[in-house]
Protein chains: 4
Amino acid sequence: MSPAQGSTIETPDSLHIKEWLRAYQRIRAATEAICAPLHKEDYMVQSMPDVSPPKWHIAHVSWFFEAFILKPFHPAYQPLDPAYDHLFNSYYVTHGTPFPRPGRGMISRPTVDDVYRYRAHIDRAMEALLSDPPQAHVQEILRRLALGLPHEQQHQELLLMDIKHILAQNPLCPAYRDDLAPTPAHAVETLGWHAYPAGVQYIGHDDTEEGFAYDNEMGRHRQFVEAFQIADRPVTNGEFLDFMQAGGYDKPDHWLSDGWDTVKAEGWQAPLYWVERDGIWHHYTLGGLVPVDMNAPVCHVSFYEADAYAQWAGARLPTEAEWETVAHDAAIQGNFVEQDHLQPVSAAGSTGVLGQMFGDVWEWTGSAYRPYPGFRKLPGSLGEYNGKFMSGQMVLRGGCCATPADHIRATYRNFFPPHARWAFSGFRLAKESL
Amino acid sequence: MSPAQGSTIETPDSLHIKEWLRAYQRIRAATEAICAPLHKEDYMVQSMPDVSPPKWHIAHVSWFFEAFILKPFHPAYQPLDPAYDHLFNSYYVTHGTPFPRPGRGMISRPTVDDVYRYRAHIDRAMEALLSDPPQAHVQEILRRLALGLPHEQQHQELLLMDIKHILAQNPLCPAYRDDLAPTPAHAVETLGWHAYPAGVQYIGHDDTEEGFAYDNEMGRHRQFVEAFQIADRPVTNGEFLDFMQAGGYDKPDHWLSDGWDTVKAEGWQAPLYWVERDGIWHHYTLGGLVPVDMNAPVCHVSFYEADAYAQWAGARLPTEAEWETVAHDAAIQGNFVEQDHLQPVSAAGSTGVLGQMFGDVWEWTGSAYRPYPGFRKLPGSLGEYNGKFMSGQMVLRGGCCATPADHIRATYRNFFPPHARWAFSGFRLAKESL
Amino acid sequence: MSPAQGSTIETPDSLHIKEWLRAYQRIRAATEAICAPLHKEDYMVQSMPDVSPPKWHIAHVSWFFEAFILKPFHPAYQPLDPAYDHLFNSYYVTHGTPFPRPGRGMISRPTVDDVYRYRAHIDRAMEALLSDPPQAHVQEILRRLALGLPHEQQHQELLLMDIKHILAQNPLCPAYRDDLAPTPAHAVETLGWHAYPAGVQYIGHDDTEEGFAYDNEMGRHRQFVEAFQIADRPVTNGEFLDFMQAGGYDKPDHWLSDGWDTVKAEGWQAPLYWVERDGIWHHYTLGGLVPVDMNAPVCHVSFYEADAYAQWAGARLPTEAEWETVAHDAAIQGNFVEQDHLQPVSAAGSTGVLGQMFGDVWEWTGSAYRPYPGFRKLPGSLGEYNGKFMSGQMVLRGGCCATPADHIRATYRNFFPPHARWAFSGFRLAKESL
Amino acid sequence: MSPAQGSTIETPDSLHIKEWLRAYQRIRAATEAICAPLHKEDYMVQSMPDVSPPKWHIAHVSWFFEAFILKPFHPAYQPLDPAYDHLFNSYYVTHGTPFPRPGRGMISRPTVDDVYRYRAHIDRAMEALLSDPPQAHVQEILRRLALGLPHEQQHQELLLMDIKHILAQNPLCPAYRDDLAPTPAHAVETLGWHAYPAGVQYIGHDDTEEGFAYDNEMGRHRQFVEAFQIADRPVTNGEFLDFMQAGGYDKPDHWLSDGWDTVKAEGWQAPLYWVERDGIWHHYTLGGLVPVDMNAPVCHVSFYEADAYAQWAGARLPTEAEWETVAHDAAIQGNFVEQDHLQPVSAAGSTGVLGQMFGDVWEWTGSAYRPYPGFRKLPGSLGEYNGKFMSGQMVLRGGCCATPADHIRATYRNFFPPHARWAFSGFRLAKESL
Ligand SMILES: [Fe+3]
Ligand SMILES: [Fe+3]
Ligand SMILES: [Fe+3]
Ligand SMILES: [Fe+3]
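The structure presented is a predicted model; accordingly, all values stated were derived computationally and were not measured. (Residues numbered from 1 in each chain as written. Chains lettered and ligands numbered in written order. Predicted model: local features only at pLDDT ≥ 70, side-chain atom pairs only at ≥ 80, totals over all residues. Heavy atoms only, no water.)

## Here we look at the packing of helix α1 (residues 17–35) of chain D against helix α5 (residues 138–168) of chain D
Residues and elements named next belong to chain D. Formally: Axis lines are fitted through C-alpha atoms, for helices just across the contact stretch, and the angle between N-to-C directions can take any value from 0 to 180 degrees. The helix count covers DSSP runs of H or I at least four residues long, the strand count covers runs of E at least two residues long, and both are numbered beginning at the N terminus. When describing relative orientation, an angle under 35 degrees is termed roughly parallel and one over 145 degrees roughly antiparallel, while 65 to 115 degrees is termed roughly perpendicular and anything else oblique. Crossing handedness is defined as follows: a turn of the near helix away from the far one that is anticlockwise and smaller than a right angle gives a left-handed crossing, while the clockwise case is right-handed. Pairs of residues are marked as contacts when any of their non-hydrogen atoms sit within 4.5 Å. Amino acid classes used here: Ala, Val, Leu, Ile, Met, Phe, Trp, Tyr, Cys and Pro are nonpolar; Asp, Glu, Lys and Arg are charged; the rest, including Gly, are polar.
Across the interface, α1 lies against α5 with an axial gap of 10 Å and an inter-helix angle of 15°. Taken as axis vectors, α1 and α5 run roughly parallel relative to one another. The interaxial crossing formed by α1 with α5 has left-handed handedness. Packed against α1, whose contacting residues are Ile17, Trp20, Ala23, Tyr24, Ile27, Arg28, Ala30, Thr31, Ile34 and Cys35, the element α5 presents Val138, Leu142, Leu145, Ala146, Leu149, Glu152, Gln153, Gln156, Leu159, Leu160 and Ile163 at the interface. Here the residues of the contact of α1 with α5 sort into 16 nonpolar, three polar and two charged.

Set out below in structure tokens:
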């Protein structure tokens, strides 16, 4: 198991603890860098129940190390404030009573400064612990660290999603940052298809291999995947606009029943963050309100919209087994958080190559989020990490423009409810082989 | 394709139309027999949005024949009342505007007598059409009849579910019928397990075979099923009571997150229709309020409760592919509507035999209801039959004590949202092979 | 106290009990006459929580006599079914637990026939009791009968309001009766004003006088009424249409804040039951859908709409003290239920005369429904009759086209929440004297 | 008209503008002093839709001067940011579109620093305008200033109410201030009664007199007040605890119907902010969580609770005319914001004297908030100040511990919905004279 880059070869035993400490410091610093452009007022907003105030995120990821590493294994650890355990627990119901999620925006104290003090307190204790870990527990500490670091990376992506949603409520459309990397202007080519033959595929993370994976990826197993074709890139804003202009949001024909109910109840007429100004479609980005790039992958659409588009286009979404089969061949590179666009961008076309499998947009699959054969929850509170959400959600694959590059894998299973739109979520088409 | 018994060998071409007519008459009469014990007042109640008033059911199943067979193919057909098309359409949004579902209990006219006149009007026209069908359309008529008859059978089961829910609202606990078949009193044996090896399985209905199947069963395809074990009978009321007494409804430990939210929001403490009287668990049945038979399969539990029980018991629910693999070996016999219990009953044990795969209770599987590879919706309004519900629902298998025996198949896919409890729904355990 | 005609002079002591019995029989028969045109299906519908199914009304008014007269005072009375006490109690929380109001439409048993058997059972017992009353209780029996009879008359009006609302849900717009009295076609004259000088007025029912009155009218007291003017007739449909055409429902300017919120939330664009057909305003009446008579008083408007119209017209609604001051001079005659129009009609103009003070439409006043000085609730359950509703409601005066003529008085205080529209409610303007 | 102290004798014409400017500066500074103890994070919270974030309050009161004085009358005024007009309008629908109230907590930009810059910008412009007012408009400017200053004082009280509600959401129970004035410990005497004879009273503000009053107090008119008695002090915490211990919250007997529904829906068991700790009742105050002083007036009760207590005690609430009749004799002194308790306190008893008519707690009356005879709204947006809220609310009188002393009058009409509890609201009993 590696310090969350997923690339080092050493085993936990052999790995010098210093490397883990550096990974810890690197990932903790990345969280703070994401928050650097925020005002204290921004830290307080909970723009919908699914969103958490940034202040809560930065405290909660610290709490994770306190609750699962420092309290059990640091012999001299003193909490900064005993009340924080209640305030910054998220959903670990077997670990005390979590503070109600929709009330997170109500808590002005501890202040932002207090919360950074809490982070510093945790960091000092973690650094002390990792400098001289108790030998009896070192393996368990590293095992938990190997979960706590991707946990913090997940919250980095959530922070960017939530900050975008928070600032988008503001009629002033303030930019999160003015210095994002400039977006390329590639013209995408006509959609191409790649065909895959029928056969048994190995799906899920191989536990015998190096590298971290979540419990929900475990249980490598066989699935028979019938022959299929998959698109060589995600659907673009321009293509999605064709669907809109064909009355896609106005007629129930291509929608799932729940999807159509949602369209009417929410008044959806375009992807989230789109707004028409003087006849031109703009969308809110972390750099402010800009015209929509028709060559970039469509983003901030729900599963319902992805599915309706696919139906309209005479295609369907790939299953997660199909997607993973394809992804095994693809290099893990693309438009990640390190590219500093913080939005999906158009890709330079390369005929015959499967593009943008990783990065840019999380791709909705047609698969409901359910456990793999032999899935077993981790014991205790850590067991709540993934398993209990395996109901009412759909799987997304491939990471996005807000994902750290070393956080994603071909076997990585992300999930959201089918109506969710505030993630950087797009989609790619699939269809049967003739 | 056969007249909805699913057993005849003749092809639509060779089958004498008279046989189809007899099937039509038999199934239509069965609907009316189910309603015979009702008062006119009972016909009017919509006890929750998911429930339809019995009056609506008996009109709607007639409307199906009018809209999809008589109007397109009966050259001289005259509707009894043009307004009925709007009132009794269910969810076919591409066929006019359906009357809002939650308002079905608001419509006192047409009266029950009017609706029976409508049924008789349709029956006369259908009998005339089938006695002398237009040769150019006979195949399409039979194809639609082959859908309309199971559609009516589905509504027979819905009628029984809905009548039970309607009468259960009444503090007087009135019995639907006093003359149901007496329930047997078998003592069930300890749960046994049947093991199945890993391998590729053919799943779904084989289109080249005889016999009707719904569009959602079509697209026979291969799935790799890893080795598993399955219980030799459903979980009983007695076993479920153990879960309750172990605090099953009081602790979040074994519940899916959505499930636990539902438990708290709805105040669930037992299966639907259970009530404690003088320290003894009773439940409302179509024969009135009776003590719970601890040897009968537990019924009226949601997917959430089934899943929580399985987690608690160290097992899981079978996938639908596992269930279908097992069901291929089982005879389609059991406690169906013809047994006239109208509730699940205890089964005589036979060591080593898989029991109660069909009948008694619909069995929740661990599979979300999604399309098979190559699924294609029927064209036009008929295409709304199944496909648009493939979101947010779980698959159930095997039929129940309210299902007509000739309506069920090993490949039959029923589906309900994970919180639904008013169907005759129970479950069977599965687990990995060691 | 008189047998609910309010006109007899005899005291309870001297009045021959036979007269009370005849009043009982007359009023009970009137209830059944109102229900005669209903189908059993109509009896079952609860079209909104405020509406009760007609079956419930006819049972509940019987229950009132059972609970408050027969059980306490009839020595040999045997209830027909002990469960009815729970089912048909309305809101007397100190008398057992009332069955939840919004669930009244869920109860199909007892059937309509059962409920009529219950009425007959009560009637036989009441007739027996009144034929030979226990001397020790005769005064209390008559006192309660003098409340029970107007209670039943109130429910007669509620029945007509509720039946109208129930049938109006039906897209077929069925008529309740085809044989209503034909509506006159008077052209109304321009609105005139009557001026009243300032002075102390006696308001409320004089307890020392003959004739029944509710507890909420009791406590005759003095109010100082400043000089004012009042319109000589209610606002008509034609005048209200002017308001609509001037954009009355489209701009917040003249609305109370709560009223404007309601307009937007409910999408109000016209009075309840109004619908435009081919450019002509129609409204649903108990005789079916007919064109709106522009000379008839506007009806089925909320307090919010009445107040907004008055603001727009540069006037206001009268206070209830102003209304009562004016009404003391007016004869109690008008378009009541006995005229058998069951809707407000145009009145023949008589210059200089205050018209339509009684009958046609209940007139919204500008007064909130609060107790008079010295108001005391009746003891026990009967005390719940009026007092506990003295919050959140506005007073209406004068009776309507569905009110029995002998039920109304100048001091009569009716009340509804400001958003209610399903009563026969209209309004009359007032303004300051210059 | 005076610079909001209500005491100066000079007319607007004669008054030196400098005095108005000093009043402006004094009241503006008081607002900022109230906010001084807040962190930026506290400024952001909207703990329920009725509460506004402090940041919004301090911007909105500035916007009032900008919208109604600077833009119309300051010839060279330049807005700091044109978007603020939309963001900080409250409910003046005739003045553009107000930003939706429940979304006020979503807007992190402008920041708190920005908003203080906005205040300073307004102050500079107001000071410039008042130093050299355009002669043609000076009277109208002063008229509007005479409304804008009490408007800001009202928001000072709202700020304290809202800050209390905001901090009370926090499980840490943080104190707003640690340096509040110490509370006295008087033992209150047994409740005494003062009797008033029947007679015509003049109610409302006399327009011919000096001193500011709101439009809703205008229209001095006569009311006949029947003889009554009034309690010589408000009901105390100790007396209210008697009601609680007598099962006041557990039985419907004494409650208005809407009140009892609210008790059950909200689970009320005590006044807002009360919590039992180790068997002792505490309540949250702006100084933190402290034991309840049984001699202080009960506070943070709704009209429903006040009315239920009064019913239980065999009394009633006074009407607003009764209250005003009594208040004409009382000196305007008491526990106001200047006393710096920020909570009601026990009063030193003085036998035979009516105590605590002003200050401590707003006293619920039994009167619905409706216009006085001849009430006329101000023209334009200013006309929205009071009139449109005259529906669904009850009148409170006398000011409270968060009210500036120079803001209150005997004729002052405050109002809240009957369920509201977050104001400093208590009550005093009345009853009929025998
Ligand atoms: Fe987390
Ligand atoms: Fe159907
Ligand atoms: Fe009643
Ligand atoms: Fe304001």
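Back to the write-up after that little detour.
## Observations concerning the relation of the copies chain A and chain D
What counts here: The copies were overlaid by least squares, fitting only the C-alpha atoms of residues that reach a pLDDT of 70 or more in each copy.
Placing chain A over chain D gives an RMSD of 0.0 Å and needs a rotation angle of 180°, together with 0.1 Å of translation along the axis. Expressed as a symmetry operation, the mapping of one chain copy onto the other fits a two-fold axis. Of the C-alpha atoms belonging to chain A, the one lying closest to the rotation axis is found on Glu41 of chain A, 3.0 Å away. A shared binding surface is used by both copies, with 100% of the interface residues of chain A retained as interface residues in chain D.

## Regarding the UniProt feature "domain: Sulfatase-modifying factor enzyme-like" (unreviewed entry) in chain A
Test applied: UniProt positions are given in the numbering used here, feature names are shortened, and annotations may be inferred rather than shown by experiment.
Sequence positions flagged by UniProt for "domain: Sulfatase-modifying factor enzyme-like" (unreviewed entry) are, in local numbering, residues 196–345 and 354–431 of chain A. In this annotation, residues 196–345 of chain A is assigned 25% helix and 21% strand; the end-to-end C-alpha distance for the span is 27 Å.

## Topic: the pattern of salt bridges
Selection criterion: Each reported salt bridge corresponds to a side-chain nitrogen of Lys or Arg within 4 Å of a carboxyl oxygen of Asp or Glu. Only protein chains enter the calculation, and the probe is 1.4 Å; a residue is then buried if its accessible area is under 20% of its type maximum, exposed if over 50%, and partly exposed in between.
Taken as a whole and assessed by the stated rule, the structure comprises 94 salt bridges over all chains. Here Glu322 of chain B and Arg316 of chain B are joined by a salt bridge, their closest N and O atoms 3.0 Å apart. Across the pair, Arg316 of chain B and Glu322 of chain B agree in class, each one buried. Residues participating in the shared-partner salt-bridge network are Arg28, Glu32, Arg119, Asp123 and Glu152 of chain A.

## Details of the interface of chain C and chain D
Rule in force here: Throughout this description, a polar contact denotes any pair of N or O atoms lying within 3.5 Å of each other; where both atoms belong to protein, one of them has to be capable of donating a hydrogen while the other can accept it, and for residues adjacent in sequence the pair is counted only when both atoms sit in side chains.
With 36 residues of chain C in contact, the opposing surface of chain D contributes 35 residues. For the pair chain C and chain D, the interface holds two salt bridges. Between Arg222 of chain D and Glu226 of chain C there is a salt bridge, and its shortest N-O distance comes to 2.9 Å. There are eight residue pairs in polar contact (both at pLDDT 80 or more) connecting chain C and chain D. Of all elements in the fold, only β3 (221–225), α7 (257–266), α8 (303–312) and β10 (362–368) of chain C reach the threshold of two or more residues within the side of chain C that touches chain D.

## Looking at the packing of aromatic side chains
Threshold: In this scheme Phe, Tyr and Trp rings, the latter by its six-membered ring, pair at centre separations within 6.5 Å, and the angle between planes marks the pair as stacked below 30 degrees, edge-to-face above 60, and tilted otherwise.
The full count for this structure, using the stated rule, is 124 aromatic pairs over all chains. Arranged with centres 5.1 Å apart and planes meeting at 75°, the rings of Tyr24 of chain B and Phe65 of chain B form a pair that is edge-to-face. Placement of the pair is Tyr24 of chain B in helix α1 (residues 17–35) and Phe65 of chain B in helix α2 (residues 54–73), with a sequence separation of 41 residues. For the pair Phe243 of chain C and Trp312 of chain C, a centre-to-centre distance of 5.4 Å together with 65° between the ring planes defines the contact as edge-to-face.

## Remarks on the relation of the copies chain C and chain D
Of the two same-sequence chains, chain C is brought onto chain D (RMSD 0.0 Å, axial shift 0.0 Å) by a rotation of 180°. The fraction of interface residues of chain C whose copies in chain D are also interface residues reaches 97%, indicating that both copies meet through the same surface.

## Side note on unusual backbone geometry
Put simply, Arg109 of chain B and Pro110 of chain B share a cis peptide bond, and its omega is -5°. Tracing the backbone shows Pro110 of chain B in the loop between α3 (84–88) and α4 (112–131). The phi torsion at Cys173 of chain B lies on the positive side, around 50°, for a residue other than glycine. Relative accessible area serves as the criterion here: at 24%, Cys173 of chain B is assigned to the partly exposed category. Positive phi is not limited to glycine here, since His300 of chain D has a value of about 60°. Looking at where His300 of chain D falls in the secondary structure, it is placed in the loop between β7 (288–291) and α8 (303–312). His300 of chain D gets classed as buried once you look at its relative accessible area, which sits at 4%.

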